[in-house]
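Residue-level structural notes
The primary structure of each chain is shown beneath.
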Amino acid sequence: MHTEELIENQPSTVVPTRELPPTGFGGLYFLLATASLMFGLWFIGPRLVEQYYYAANIGKSRAEYQNAVDQLQTDPLRNVSQSYQLVAQKVRPSVVSVNATKTQRDTSGGLGSGVIMSSDGYILTNAHVLEDSTRFFVELHDRRQYEASLVGSDRRSDLALLKIDAPNLIPAEWGDSDAAEVGSIVWAIGSPYGFQQTVTSGILSGKDRPGDGVNGKQNLLQTDAAVNPGNSGGPLVNSQGNVIGINTSIFGETFQGISFAVPSSTVSFVYKELKTSGRVTRGFLGVIPAEVDSRDAERFNLPDLNGAKLQEVNYDSPAYQAGIRVNDIIRRWNGIEIKEFNTLFRLAEMARPRETVDVTLIRDGRECQTQVTLGEFHQE
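Calculation rules
Each chain carries its own residue numbering, running from 1 in the direction its sequence is written. Reporting of local features is limited, given that this is a predicted model, to residues whose pLDDT is at least 70; pairs of side-chain atoms are given and counted only at 80 or more, and all residues count toward the totals for whole chains, interfaces and linings. Hydrogen atoms and water are omitted, and side-chain values are computed over all heavy atoms in the structure. Partly exposed residues are those whose accessible area sits between 20% and 50% of the maximum for their type, while under 20% is buried and over 50% is exposed, using a 1.4 Å probe and protein chains only. The secondary structure listing takes helices from DSSP runs of H or I that are at least 4 residues long and strands from runs of E that are at least 2 residues long, numbered from the N terminus. Note: two strands are recorded as paired if DSSP finds a minimum of 2 bridges between them. Angles here are taken between N-to-C directions and fall from 0 to 180 degrees, while the axes themselves are lines fitted to C-alpha atoms, restricted in helices to the stretch in contact. Any two residues whose heavy atoms approach within 4.5 Å at even a single point are treated as in contact. Throughout this description, the term salt bridge denotes a Lys or Arg side-chain nitrogen within 4 Å of a carboxyl oxygen of Asp or Glu. Definition used in this section: a nonpolar core is a set of buried Ala, Val, Leu, Ile, Met, Phe, Trp, Tyr and Cys residues joined via side-chain atoms within 4.5 Å. Each patch is built from residues that are more than 30% exposed by relative accessible area and take part in no salt bridge. Like charges join if they lie within 9 Å; nonpolar side chains (Val, Leu, Ile, Met, Phe, Trp, Tyr) join within 5 Å. Using a 1.4 Å probe, the Shrake-Rupley method yields the accessible areas, and only the shown protein chains count as cover for residues.

Take the pairing of strand 6 (residues 159-163) next. The buried fraction of strand 6 amounts to five of the five residues, a majority that puts the element mostly inside the structure. Across the two faces of strand 6 the burial is the same, with Leu159, Leu161 and Lys163 and Ala160 and Leu162 all buried. Alignment of strand 3 (residues 122-125) against strand 6, held across four bridges, turns out to be antiparallel. Bridge pairing links leucine 124 to leucine 161 in strand 6.

Listed below in structure tokens is the structure:
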């Protein structure tokens, strides 16, 4: 056998290779690279994240901006805006500025607003605007100016009626304050600080408010529509542009989001009285009502807190003569449900003297019926 054959037939032996460890320069490079990565993650990473979110927010803002531009091109609020404009356009021709002066020489006096309520020139305003004055001037929406005569004034409701002789007058329309719902949109128009034909809007914030010392026994409307000095006597109107009140006062020295208006249910009554006779004739019941509270409801087993609890009944008054007594709770007046105690004042005053009305009351938990013949209220 040849030696070459023996060599070819022997199995081959594979010698495994072994990686050499990194040299000193390579290890240093590795450490520097690792340190650089850690530095970047620790110091630069947050900034990169911030820039990422900033870029994302900028992109979102731009997208929202462009979407707003595109959507507003269609004017989605057109109908709402036009409704506000229509209300203003309907009412403003009926609103006047009122300037009351003491004498021909002394031009100091009251400055307020008013609203034309008839085509023959009858204008409603506030009594306090005309107080201590002898001459009255009104300026119409088209800047025509007229001297007005005083038809009558009623301090109790803070309403007064003026009369001018002018052609082409546009009267406002009456609205129903009793039907007005809290939360509905209302508009106030007048001349605050002399800025004529100013329109503000808000909501009807409340009803049957007692008001201030001047109107302590009224059922006033409350609104957050901006009312300032000079608005007094101007109209408060509903979404149909109809008068539901006459702006009369605010809460506090300056406007704080709470203002009051005499409701049209009272205004229309006073308007007719002043127009007919120059004074207001009111019925007189002779009681002081108060609010029905939860203790009263529990004590008398009432289904709700409606009604007027009588805390005082004047001796020998029409109420006393009809058998009505202290702590009686009047629930209905000629079939009209009394929900707020102040409503009793309005219903009694709007009745005619010597008129007989049906009264439903609760006494000691029992419902009773009686009739009252009213007297005549005399201004305090």
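Back to the write-up after that little detour.
Time to look at the sheet that holds strand 8 (residues 198-209). Think of a sheet as strands paired side by side through backbone hydrogen bonds, with each pair either parallel or antiparallel. Strand order in the closed barrel formed by six strands is 7-8-9-12-11-10, with antiparallel pairing between adjacent strands. Adjacent strand axes in the sheet meet at a mean angle of 45°, parallel and antiparallel pairs treated alike. Here six bridges tie strand 7 (residues 185-190) to strand 8, and the two strands are oriented antiparallel to one another. Bridge pairing in strand 8 links tryptophan 187 to serine 201. Here helix 3 (residues 78-91) sits on the sheet and contacts strand 7, strand 8 and strand 10 (235-237); the angle it forms with strand 7, its principal contact strand, is near 40°.

Below, the discussion takes up the sheet that holds strand 5 (residues 145-154). The antiparallel closed barrel is built from six strands, whose spatial order is 1-2-3-6-5-4. Across this sheet, the average inter-strand angle for adjacent strands is 40°, counted without regard to direction. Where strand 2 (residues 111-116) lies against strand 3, two bridges are found, and the strand directions are antiparallel. Its bridge partner lying in strand 3, valine 115 is registered against leucine 124. Helix 5 (residues 264-277) contacts strand 3, strand 5 and strand 6 of the sheet and is inclined by roughly 50° relative to strand 6.

Bringing the pattern of salt bridges into the picture now. All told, the structure shown has 16 salt bridges when counted by the stated rule. In this structure, the salt-bridge partner of arginine 282 is aspartate 154, at a minimum N-O distance of 2.6 Å. Remark: aspartate 154 occurs in strand 5 and arginine 282 occurs in the loop between helix 5 and strand 13 (283-284); sequence separation between them is 128 residues. Here the two residues arginine 282 and aspartate 154 agree in accessibility, since each one is buried. Within the structure, one salt-bridge network assembled from shared partners comprises Asp154, Arg156, Arg282 and Glu349.

This part is about the pairing of strand 7. Within strand 7, five of the six residues are buried, which leaves it mostly tucked inside the rest of the structure. As paired strands, strand 7 and strand 10 are joined by two bridges and run antiparallel to one another. The residue bridging alanine 188 from the neighbouring strand is leucine 236, located in strand 10.

It is worth spelling out the nonpolar core at this point. Grouped together as the largest cluster of nonpolar side chains are 24 residues, with contacts concentrated most on Val115, Met117, Leu124, Val237 and Val243. Ranked by the residues each element gives to this core, the list is headed by helix 5, at five residues. Setting aside anything within four residues of it in sequence, one finds valine 243 in contact with Val115, Met117, Ala172, Glu173, Trp174, Gly175, Pro235, Leu236, Val237 and Ser264. Membership of the second largest hydrophobic core comes to 20 residues, among which are Leu285, Leu310, Val313 and Ala351.

Let's shift gears to unusual backbone geometry. The phi dihedral of aspartate 132 is positive, around 60°, even though this residue is not glycine. Of note, aspartate 132 is situated in the loop between helix 4 (127-130) and strand 4 (135-139). Phi is positive for asparagine 168, close to 55°, though the residue is something other than glycine. Mapped onto the elements of the fold, asparagine 168 is located in the loop between strand 6 and strand 7.

Time to look at the side chain of arginine 331. Tracing the sequence through the fold places arginine 331 in strand 16 (residues 329-333). The class of arginine 331 is buried, set by a relative accessible area of 11%. With residues near it in sequence (within four places) discarded, arginine 331 still touches Pro303, Asp304, Asn306, Ile336, Glu337, Ile338, Thr360, Leu361 and Ile362.

Let us now look at a nonpolar patch on the surface. Nonpolar side chains collect at one region of the surface, where Leu77, Val80, Tyr84, Ile185 and Ile203 lie side by side and expose about 420 Å² of accessible area between them. Secondary-structure assignment places tyrosine 84 in helix 3. Note on tyrosine 84: relative accessible area 32%, which makes it partly exposed.

Before going further, it helps to spend a moment on the environment of glutamate 355. Counting through the fold element by element, glutamate 355 comes out in the loop between helix 8 (343-350) and strand 18 (356-363). Between the C-alpha atom of glutamate 355 and that of threonine 373, which follows or precedes it by 18 residues, the distance is 5.5 Å. Excluding its chain neighbours within four sequence positions, the residues that come into contact with glutamate 355 are Asn334, Val372, Thr373 and Leu374.

Take it as geometry only, folks, not as evidence of what the structure does.
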